[in-house]
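Spelled out, the chains give:
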Amino acid sequence: MTVTKAVIPAAGLGTRFLPATKAVPKELLPVVDVPAIEYVVREASAAGLSNVLLITGKTKGAILDHFDRAWDVEALLEEKGDLTRLRAIRQSAELAIIHAVRQPAPRGLGHAVLCAKEHVGDEPFAVLLGDDLIDARDPLLTNMIAVRQALGGSVVALMRVPRDQISLYGSAAAEPVPGVVTPELPAGSVFRLSELVEKPSPAEAPSDFAIIGRYVLDPAVFAVLEETAPGRGGEIQLTDALAALAQVDPAAGGGLHGVVFSGRRYDTGDRLDYLKAVVRMALDHPELGADFGAWLTEFVDGKDRDSSQ
Ligand code: UTP
């Protein structure tokens, strides 16, 4: 069965970014002139996932407004003949069919995914974290979907990180799957996973592979999530459910693989990573890139700082 649905959890509290996220969802923080979550929906749409379910929560209503038509602003821009901006504000409403469900309380990523159960039904589906940006030039989701088609079960994205950073992520023990799994991926980039741990200490970490915010899940995950007790931080952890799913018989939708990603990725819920994302995207921006790049070079050379003193 092909994957057509994407679930985008965006109901977290964003405490790392307070006070900016007191009233504004972190998923709407702009990365240059586009909110972070629009890049995520663009990625889902580019991978052929035109059915998008947003998991939202309290204070997150503006996310839905962003993906709705804005007739009043559109009329104004039309009147002024500002077709570039008109296209830009229409784009977010045309990327996909957007659905939404509210997570009653932020009880963890696993709980957020469980809120998608009725919408997803009995199909494999993708999960893209609403604050996690993957550079559009670095294909990941399409490769993960191809691995799911080839091997069944569920698939996560893995990134090698320095040992001292592994406690920021979930990690897993990983055995390479021999040979070429799909023509899109070189041999050695797909791993069979076991022993998943959420935010392990460097000593406990089963490997230096971190699980990052893209998943292709078998619907068997829902039954597992229903049985998953709150784990680290008192939250229902998706990593704990995936650890259990890795042990389930493949005939019953179990089994877990990882695809190694080595491209550009930013956690915009983390302030430092957010700043890096803004700088990178600003340098690539068709209108701003050249001027921003010139200023940044001066700034790094100390010229701009000297002249402003
Ligand atoms: P994070 O752990 O990055 O989000 O979850 P958070 O809890 O908002 O972060 P901090 O620590 O308070 O700053 C990853 C993704 O899962 C969503 C978040 O919105 C984010 O997109 N999430 C997390 C939910 O939808 N519900 C939850 O209960 C937790």
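Before reading on, note that the structure itself is shown above.
These numbers were taken from a predicted model, which means no experiment stands behind them. (Residues numbered from 1 in each chain as written. Predicted model: local features only at pLDDT ≥ 70, side-chain atom pairs only at ≥ 80, totals over all residues. Heavy atoms only, no water.)

A. Looking closely at the overall build of the protein chain. Helix and strand content of the protein chain: twelve helices and 13 strands. Taking 2.2 N^0.38 as the reference for a compact globule, 309 residues should give roughly 19 Å; the C-alpha atoms of the protein chain span a radius of gyration of 20 Å, in line with that estimate. For the protein chain, the spread of C-alpha atoms along the three principal axes comes to 60 × 45 × 40 Å. When the 309 residues of the protein chain are sorted by exposure, 49% land in the buried category. Within the structure as shown, the protein chain displays about 15,100 Å² of accessible surface, and the carbon and sulfur contribution to it stands at 55%. Charged side chains of the protein chain number 30 positive and 42 negative; the gap between the two group centres comes to 2 Å. (Helix = DSSP H or I, 4+ residues; strand = E, 2+ residues; numbered from the N terminus. Rg over C-alpha atoms; globule rule 2.2 N^0.38 Å. Buried < 20%, exposed > 50% of the residue type's maximum accessible area, 1.4 Å probe, protein only. Areas by Shrake-Rupley, 256 points an atom, 1.4 Å probe, with all protein chains shown as cover. Lys, Arg positive; Asp, Glu negative; His and termini not counted. Charge placed at Lys NZ, Arg CZ, Asp CG, Glu CD.)

B. Here's a closer look at the side chain of Glu-38. Here Glu-38 shows up in helix α1 (residues 36-46). For Glu-38, the contacting residues outside a window of four places in its chain are His-66, Phe-67, Gln-91, Ser-92 and Leu-95. (Contact = heavy atoms within 4.5 Å.)

C. Main features of the site of the ligand. Taken together, the neighbourhood of the ligand is formed by 19 residues, with Gly-12, Gly-14, Thr-15, Gln-103 and Gly-108 sitting nearest. At a separation of 2.8 Å, an oxygen atom of the ligand approaches a polar backbone atom of Gly-12. Within the backbone of Leu-13, a nitrogen or oxygen atom sits 3.0 Å from an oxygen atom of the ligand. Taken by itself the ligand offers 580 Å² of open surface, and the protein chains cover 84% of this. Of the residues contributing to the shell around the ligand, the split by class is eight nonpolar, six polar and five charged. (Near = heavy atom within 4 Å. Polar contact = N/O pair within 3.5 Å; in protein donor to acceptor, adjacent residues only side chain to side chain. Nonpolar A, V, L, I, M, F, W, Y, C, P; charged D, E, K, R; others polar.)

D. Highlighting the packing of aromatic side chains. Across all of its chains, the model carries five aromatic pairs by this definition. When the centroid spacing of 5.2 Å and the interplanar angle of 90° are considered together, the rings of Phe-17 and Tyr-274 count as edge-to-face. Of this pair, Phe-17 sits in the loop between β1 (5-9) and β2 (30-31) while Tyr-274 sits in helix α10 (residues 271-284), and the two are 257 residues apart along the sequence. Tyr-274 sits in the buried class, given a relative accessible area of 13%. Ring geometry for Trp-295 against Phe-299: centres 5.0 Å apart, planes inclined by 25°, an arrangement best described as stacked. Of this pair, Trp-295 and Phe-299 are both found in helix α11 (residues 289-300), four residues apart, which corresponds to roughly one turn of the helix. Counting every residue linked through ring pairs, the aromatic cluster contains Phe-292, Trp-295 and Phe-299. (Phe/Tyr/Trp six-rings, centres within 6.5 Å; stacked < 30°, edge-to-face > 60°.)

E. Molecular detail of α10. With 14 residues, α10 should reach 20 Å at 1.5 Å per residue; the first-to-last C-alpha distance of 20 Å fits that figure. Among all positions in α10, only Asp-273, Tyr-274, Ala-277, Met-281 and Ala-282 are buried. Looking down the long axis of α10, one finds its buried residues gathered within 165° of arc, a one-sided arrangement. In α10, those exposed residues whose orientation departs by more than 90 degrees from the buried face are Leu-272 and Leu-275. Buried residues in α10 make contact with β2, α1, β7 (132-134), β13 (265-267) and α11. (Expected span 1.5 Å × (residues − 1). Arc of directions from axis to C-beta.)

F. Examining the packing of helix α3 (residues 71-80) against helix α4 (residues 83-94) more closely. For the pair α3 and α4, interaxial distance at closest approach is 9 Å and the crossing angle is 160°. Considering the angle they form, α3 stands roughly antiparallel to α4. Our pair here, α3 against α4, has a crossing hand that is left-handed. Across the interface between the two elements, Val-73, Glu-74, Leu-77 and Glu-78 of α3 pack against Arg-85, Leu-86, Ile-89 and Arg-90 of α4. Its residues placed into classes, the contact of α3 with α4 shows four nonpolar, no polar and four charged. (Axes fitted to C-alpha atoms, helices over the stretch in contact; angles between N-to-C directions. Parallel < 35°, antiparallel > 145°, perpendicular 65-115°, else oblique. Left-handed = near helix turned anticlockwise from the far one by under 90°.)

G. Up close: the pattern of salt bridges. Scanning the entire structure with this criterion turns up 18 salt bridges. Here Asp-82 makes a salt bridge to Arg-85, at a shortest N to O gap of 2.8 Å. Relative accessible area serves as the criterion here: at 54%, Arg-85 is assigned to the exposed category. For Asp-135, the salt bridge is made with Arg-264, and the minimal N-O distance between the two is 3.7 Å. Highlighted residues: Asp-135 in the loop between β7 and α7 (141-151) and Arg-264 in the loop between β12 (256-260) and β13, separated in sequence by 129 residues. (Salt bridge = Lys/Arg side-chain N within 4 Å of Asp/Glu carboxyl O.)

H. Main features of helix α9 (residues 238-247). Extensive coverage of α9 is indicated by the burial of seven of its ten residues. Within α9, the full set of buried residues consists of Leu-238, Thr-239, Ala-241, Leu-242, Ala-243, Leu-245 and Ala-246.

I. Structural detail: the packing of α10 against α11. Remark: α10 packs on α11, axes separated minimally by 6 Å, with the N-to-C direction vectors making an angle of 125°. By the angle between their axes, α10 is oblique relative to α11. Mapping the contact onto sequence places Val-279, Ala-282 and Leu-283 in α10 and Gly-289, Phe-292, Gly-293 and Leu-296 in α11.

Distances and angles like these do not, on their own, reveal function.
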